[in-house]
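# Tertiary structure, described
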Amino acid sequence: MKLIIAIVQDKDSNRLSGGLVKANFRATKLASTGGFLRAGNTTFMIGVDDSQVEAVMEVIRSSCKVREQLVTPVTPMSGTTDSYLPLPVEVQVGGATVFVMPVDRFEHF
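Described below are features of the structure shown in this document. (Residues numbered from 1 in each chain as written. Predicted model: local features only at pLDDT ≥ 70, side-chain atom pairs only at ≥ 80, totals over all residues. Heavy atoms only, no water.)

## A look at the overall build of the protein chain
Just so we agree on the cut-off: For helices the rule is a DSSP run of H or I covering at least 4 residues; for strands it is a run of E covering at least 2, with both sets numbered from the N terminus onward. The buried label goes to any residue with under 20% of its type's maximum accessible area, the exposed label to any with over 50%, and the partly exposed label to all in between, with areas taken from a 1.4 Å probe on protein chains only. Residues count as neighbours in contact if any of their non-hydrogen atoms are within 4.5 Å of one another.
When helices and strands are tallied, the protein chain shows two helices and six strands. Mapped from its N terminus to its C terminus, the protein chain presents α and β elements in the order β-α-β-β-α-β-β-β. Relative to its full complement of 109 residues, the protein chain shows a buried share of 27%. If you take every contact in the protein chain between residues at least 6 apart in sequence, the share linking residues at least 24 apart comes to 69%.

## Looking at the pairing of strand E3 (residues 40-48)
Counted only if it meets this: Think of it this way: DSSP has to see at least two bridges between two strands before they count as a pair.
Bridge count for strand E1 (residues 2-9) against E3 is eight bridges, and the pairing is antiparallel. The residue bridging Gln9 from the neighbouring strand is Asn41, located in E3. Where strand E2 (residues 28-33) and E3 come together, six bridges link them in antiparallel fashion. Of the residues in E3, the one forming a bridge with Leu30 is Thr43.

## Things to note about helix H1 (residues 10-22)
Where we set the bar: What a helix is expected to span follows from its residue count: subtract one and scale by 1.5 Å. Each C-beta atom gives one direction from the helix axis, and the arc is the one those directions make.
The first and last C-alpha atoms of H1 sit 19 Å apart over 13 residues, in line with the 18 Å expected at 1.5 Å per residue. Burial in H1 covers these residues: Asp12, Ser13, Leu16, Gly19 and Leu20. Axial view of H1: buried residues confined to an arc of 145 degrees, hence all on one face. Opposite its buried face, H1 presents the exposed residues Lys11, Asn14, Val21 and Lys22, each directed more than 90 degrees away. In the segment just after H1, Asn24 is the residue with positive phi, at about 65 degrees.

## Topic: the nonpolar core
Rule in force here: Buried Ala, Val, Leu, Ile, Met, Phe, Trp, Tyr and Cys residues form a nonpolar core when they are joined through side-chain atoms within 4.5 Å.
Counting 15 residues, the largest nonpolar core has Leu16, Leu20, Val56 and Ile60 as its most contacted members. When near neighbours in sequence (up to four residues on either side) are disregarded, Leu16 contacts Val8, Phe44, Val59, Ile60, Ser63 and Cys64.

Quick look at the structure:
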């Protein structure tokens with residue numbers, strides 16, 4: 001048995017949730033926040049048999065897309081801010097960060 005932890009951008013959350021339900025996979029959704037952009041994420045915890053891991057990964061791949069987003073850098077903490085003009089920077093967001101871990105024991109009450 002495996003535990004799949006998938007951290008996805010909130011924009012992809014509903015699409016992934018629907019895809020998992022359609023493919024008959026049960027998941028627990030947790031609200032989370034990313035450290036880099038401080039943006040909302042959703043963390044999915046999905047328990048499956050070893051043979052189902054690739055099917056779940058395919059649902060995640062098809063549901064979570066990388067996109068470009070303009071962000072304004074945070075003002076520097078030290079030094080003068082008089083000469084600092086924050087210009088938007090384009091970064092890649094979205095997609096999914098996925099961890100697959102072995103499960104020694106699973107019980108459902």
